[in-house]
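As a plain string of letters, each chain reads:
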Amino acid sequence: MAYIQFPEDFKWGVATAAYQIEGAVRQGGRGPSIWDTFSHTPGKVLNGDNGDVACDSYHRYEEDIALMKELGVNVYRFSVSWPRIFPEGTGKVNKEGLAFYHRMVDKLLENGIEPMCTLYHWDLPQVLQDKGGWDNRETVEAFVAYSELIFKEFSGKIKSWLTINEPWCVSFLSNFIGAHAPGNQDLALAVNISHHLLLAHGKAVARFRDLDIPGKIGFAPNVTWLEPYSRDQEDVEACRRGMGWMVDWFLDPIFTGTYPAFMVDWFAANQAPLQIKDGDMEWIKQPVDFIGINYYESNVGRHNPQGGMLEVESVDMGYKKTDIGWFINAEGFYNVLTFIADKYGEIPIYITENGICINDGVEDGTVNDQRRIDYLKGHIAAVARSLKSGVNIKGYITWSLLDNFEWAEGYSKRFGIVHVNYRTLERTKKESFFWYQKVIGNSWLEV
Ligand SMILES: OC[C@@H]1[C@@H](O)[C@H](O)[C@@H](O)c2[nH]c(CCc3ccccc3)c[n+]21
């Protein structure tokens, strides 16, 4: 049996997000978010599920941290619920909300677990949405004010920061495809929102620097790999557009100060012109200390004039699929990580999300999720391959510690290494928990 040894200082972690695990949506002074509204709107979430209770981690965080301690993680990536801090989005601060995150962060530090804080993981205060949401530049300023408060409040306790989780999901999945809150279907709106999200990110990074907060800051784009079905120029260009939409559109502005011209033109040709104001790109291109990469699946793509806005379609090559229907292809993980390193250089990378939907239930007190172990093994091996190829990866954080509220799929889709019984809220460690515990303990992978 061969072993892949990870670097001495390589970090291992687990990730969650506030709306997906906390519950207690009307407790502790929290105000409503767009996901409260969306999940309570009939037809938006499978089975009419919502995050009202979720995993009840608002009350059970100590139990969750005990699981992390047993697992042996160095890092816990969580998100702060903006409407738990500013119930109206701006203005009056909810002290109970701050106190909750202080209790949680203090418990992590007591257990030798480093908190990695995502400031925005999709739960925009509804009051701000009522004023136009991310389409309104005032929301950019509100995000900076919210970020500043959290920076100051947790300075010295939290030293790893992510501004925005997956701006592609916040803009395009939520305002063009319409699958997520607030559920608009307007490409021009989504393009404008994507620009405002990058502006919010850049201004928050600038404020972080101005305040001289100790620690490092980045953001967490979701990425994919689209392998051309053939070397026909049409297929190659179609895949370039697919990657350009999800990867280059968000990384180019931060690392080069410009949007990829081929995508600007493509959006303009689809009646979605990019509107940039003087000075915007200067804000956006604030240097970051690291990138958080969220990767789940890759596809083989080919040109199809009827293939939606980008005229690209996914080709089923017979890869195994997850229980949410995504293709399993660890090679694509290696390909996109080396693509990012080749294009954007030595910037440190944390894998801030990688995991799989496997819906196995509890049998005789355990969950035999061997398919999740196989997926994690293949993808952590791809991380090792990327490291060997010179990609500057500093850590791997799996999604997720717990089964949780999987957005429009509700509770039907399980990504956790710990099973949650949503009736009793009982946590059950899956086989993948014990497998990952061993990987972390040795910081090596048997291959
Ligand atoms: O879908 C699993 C996880 C979510 O639970 C996380 O909150 C979110 O950060 C996240 N992003 C992705 C990849 C992008 C995506 C998200 C949701 C639906 C389709 C694609 C997968 N996931």
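Note that the structure is predicted; figures quoted are calculated from it, not measured.

Thresholds, definitions, all that
- Residues numbered from 1 in each chain as written.
- Predicted model: local features only at pLDDT ≥ 70, side-chain atom pairs only at ≥ 80, totals over all residues.
- Heavy atoms only, no water.
- Core = buried A, V, L, I, M, F, W, Y, C linked by side-chain atoms within 4.5 Å.
- Buried < 20%, exposed > 50% of the residue type's maximum accessible area, 1.4 Å probe, protein only.
- Helix = DSSP H or I, 4+ residues; strand = E, 2+ residues; numbered from the N terminus.
- Contact = heavy atoms within 4.5 Å.
- 1 Å grid on protein atoms, 1.4 Å probe; cavity = no way out; pocket = protein on both sides within 12 Å on 5 of 7 lines; lining within 4 Å.
- Points joined across faces, edges and corners; volume = space filled by probe spheres on them.
- Nonpolar A, V, L, I, M, F, W, Y, C, P; charged D, E, K, R; others polar.
- Phe/Tyr/Trp six-rings, centres within 6.5 Å; stacked < 30°, edge-to-face > 60°.
- Lys NZ or Arg CZ within 6 Å of the ring centre and 35° of its normal.

Asks: Any chance you could break down the nonpolar core for me, citing the residues and the numbers?
Replies: The tendency in soluble globular proteins is for nonpolar side chains to be buried side by side. Among the nonpolar cores identified, the biggest contains 153 residues, and W161 and I340 are the most heavily contacted of them. For this core, the leading source of residues is helix α9 (residues 187–210), giving 12 residues. Dropping the residues within four chain positions of it, W161 is found in contact with C117, L119, I150, F151, F154, F208, I213, P214, K216, I217, G218 and F290.

Asks: So, the layout of surface pockets: which residues are in play, and what are the values?
Replies: The method is simple in principle: a probe with the dimensions of a water molecule rolls over the atoms, and the space it marks as empty is what remains. Roughly 1,000 Å³ of volume is contained in the largest pocket. Looking at the largest pocket, it is lined by 39 residues, and the ones nearest its centre are W168, L173, M246, E297 and W326. Those elements that provide at least two residues to the lining of the largest pocket are α8 (167–177), β7 (222–223), α10 (233–256) and β11 (312–315). Considering only residue class, the lining of the largest pocket consists of 21 nonpolar, 12 polar and 6 charged.

Asks: Which residues make up the packing of aromatic side chains, and what values go with them?
Replies: Enumeration according to the criterion identifies 46 aromatic pairs in this entry. With centroids separated by 6.0 Å and ring planes inclined at 50°, the aromatic side chains of W326 and F415 adopt a geometry described as tilted. Taken together, the residues W326 in the loop between β11 and α13 (330–344) and F415 in the loop between β13 (393–399) and β14 (418–420) connect sequence positions 89 residues apart. Among the aromatic residues, those joined into a cluster by ring pairs are Y19, W35, F38, W122, F405, W407, Y411 and Y422. The positively charged end of K203 is found above the aromatic ring belonging to W283, 5.0 Å away from the centroid. Geometry around Y229 places R302 over its ring, the cationic atom sitting 5.0 Å from the centre.

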